[in-house]
Every structure is written in structure tokens, then in C-alpha cells.
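Examining the three-dimensional arrangement
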Amino acid sequence: NAGVTQTPKFQVLKTGQSMTLQCAQDMNHNSMYWYRQDPGMGLRLIYYSASEGTTDKGEVPNGYNVSRLNKREFSLRLESAAPSQTSVYFCASILVAGGRADTQYFGPGTRLTVL
Amino acid sequence: AQSVTQLDSHVSVSEGTPVLLRCNYSSSYSPSLFWYVQHPNKGLQLLLKYTSAATLVKGINGFEAEFKKSETSFHLTKPSAHMSDAAEYFCVVTTYSSASKIIFGSGTRLSIRP
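Sequence order sets the numbering: in each chain, residues are counted from 1 along the sequence as written. Going through the entries in the order they are written, you letter the chains from A and number the ligands from 1. Where totals are concerned, whole chains, interfaces and linings use all residues; where local detail is concerned, this predicted model gives features only for residues with pLDDT of at least 70, and gives and counts side-chain atom pairs only at 80 or more. No hydrogens and no water enter the side-chain calculation; it runs on all heavy atoms of the structure.

**Re the interface of chain B and chain A**
Taken residue by residue, the interface counts 23 residues in chain B and 22 residues in chain A. Both sides together, the interface formed by chain B and chain A hides about 1700 Å², and carbon and sulfur atoms give 54% of it. The salt bridge criterion pairs a side-chain nitrogen of Lys or Arg with a carboxyl oxygen of Asp or Glu, the two atoms within 4 Å. Our enumeration of links across chain B and chain A arrives at zero salt bridges. As used in this structure description, the phrase polar contact means that two N or O atoms lie within 3.5 Å; if the pair is within protein, one of them must be able to donate a hydrogen and the other to accept it, and residues adjacent in sequence are counted only when both atoms belong to side chains. Inspection of the chain B/chain A interface yields four residue pairs in polar contact (both at pLDDT 80 or more). Here a strand is any run of E in DSSP of at least two residues, a helix any run of H or I of at least four, and the numbering for each starts at the N terminus. Of all the elements in the fold, those that place two or more residues in the side of chain B that touches chain A are β5 (32-38), β6 (44-50), β10 (87-94) and β11 (102-104) of chain B. For the side of chain B that touches chain A, the element with the highest residue contribution is β5(B), accounting for four residues. The classification used treats Ala, Val, Leu, Ile, Met, Phe, Trp, Tyr, Cys and Pro as nonpolar, Asp, Glu, Lys and Arg as charged, and all other residues, Gly among them, as polar. For the side of chain B that touches chain A, the residue count by class is 10 nonpolar, 11 polar and two charged. A contact between two residues is defined here by any heavy atoms of the two lying within 4.5 Å. Note on definitions: buried area is the accessible-area loss of two parts on being combined, 1.4 Å probe, summed for both.

**A closer look at the environment of Thr110(A)**
Residues and elements named next belong to chain A. Here Thr110 shows up in strand β13 (residues 110-114). As for Thr110 and Arg36, which are separated by 74 residues in sequence, their C-alpha atoms are 9.4 Å apart. There is a polar contact of 2.6 Å between the side chain of Thr110 and the backbone oxygen of Pro8.

Here it is in C-alpha cells:
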């Protein structure tokens, strides 16, 4: 099992450019998440997908879109990047079943810089 | 509503001394509680979790945490700190089966003095 994988690991964009961050998990988890982490801060939820075919906004969704392509893959798109989106982005997945959310597994992160 | 509070943003201890990182939670229902560790420029790794079984939970690298319902706490401890323990630690609470109800604490940065 590879767990949760993310691509790319590093990216530099100019203001106004667009890009898509890719995330995939091979643990047959039903729920997937995108977080951002800024220096000295915890994780803030951008979007999540409770199950294939559904997506919902988290705490900081502005400037982002997501696609739950299938059960394995959950992508995050920046349509017009802004310097305020400079951050480290983490994808995570979890199995929610039987009234309980189990352990959340995280990808290695994507370090994004917007100039 | 549920919430989690990490009471210290930064803890500094000497190598070989005990570690205590404090976490209080608020939940209307029986929670699941987790501690994650994040080393510099790395992702998040699960240290341990409580999911309504034994209240004293043992994790990796000698860490353990005790769930105290009466105090709504889930403090993380280690008897003897090692230099490699220097990292950021996050307390996480979930309650519902809903995928949205995963709440992260703001984190505690642990520093180890030689």
C-alpha cells in the first residue's frame, strides 16, 4: 500500500496562473480532505468529500475548487493563484463507518509558492 | 458542538525529562481522540488514538495519553524526552460519523534542550 500520495511535491506559480494538485489513496477510504497549513498555524480545511460524487466546503474554500474523480482520487484546483495561497497543502483520507471516523491518513504535502 | 484546545503553543523540556502536552476537548457525544506529530517539513504521522476502548492509550516512540472524561482531557505524556521528539504535535477530536466533524487543535511545538 502506498497510502496517500500527492503530486507535485513542490510548485512555484506566478499570480494568476492556474494549477491542479493531485491526490490519490489506495486504502479504499470513503472520505477525502484537502487542508492548508500556513507557518506557525494548524491545519485548515479547504474542502472535503464524504463519499464519491460529493464535495463540501470547509473553513477556507475561497479561491479553490475540487473534484472527486472516483473513490481513489481527489484533486484541488487553483483557478487564479494569489500570493495568499502560498502554503503547504495536505491531502488526507479516512474510513467513516459504523458511526465512527477512524484514523485520518495524510499525504506528504505539496509546498506551493505564488509569486 | 465539538472543539479541541491545546493549552500550550510551545513547550520546552530538557532531554531526559518528562513531557506533558495538554489537550482539552468539548463534545456532546463520545469522542474519538487522536494525537499526531509533524516533524519539520514533513507530513503528519499518527502517534496514538482513543476510540472508546482502554482509557490509557499507548502510542509509538514511548508516548501515551489518558482519556479522562470527567476532566474532558486527553493529555500526551512521555517519561523521558529525546532530541528526536522535537516537533509539532496536534490533538484531534472526532465525534460524529459525518466526514466533516474532524477538529484539529492549533498545535503545540515541543522543543528539547540538550
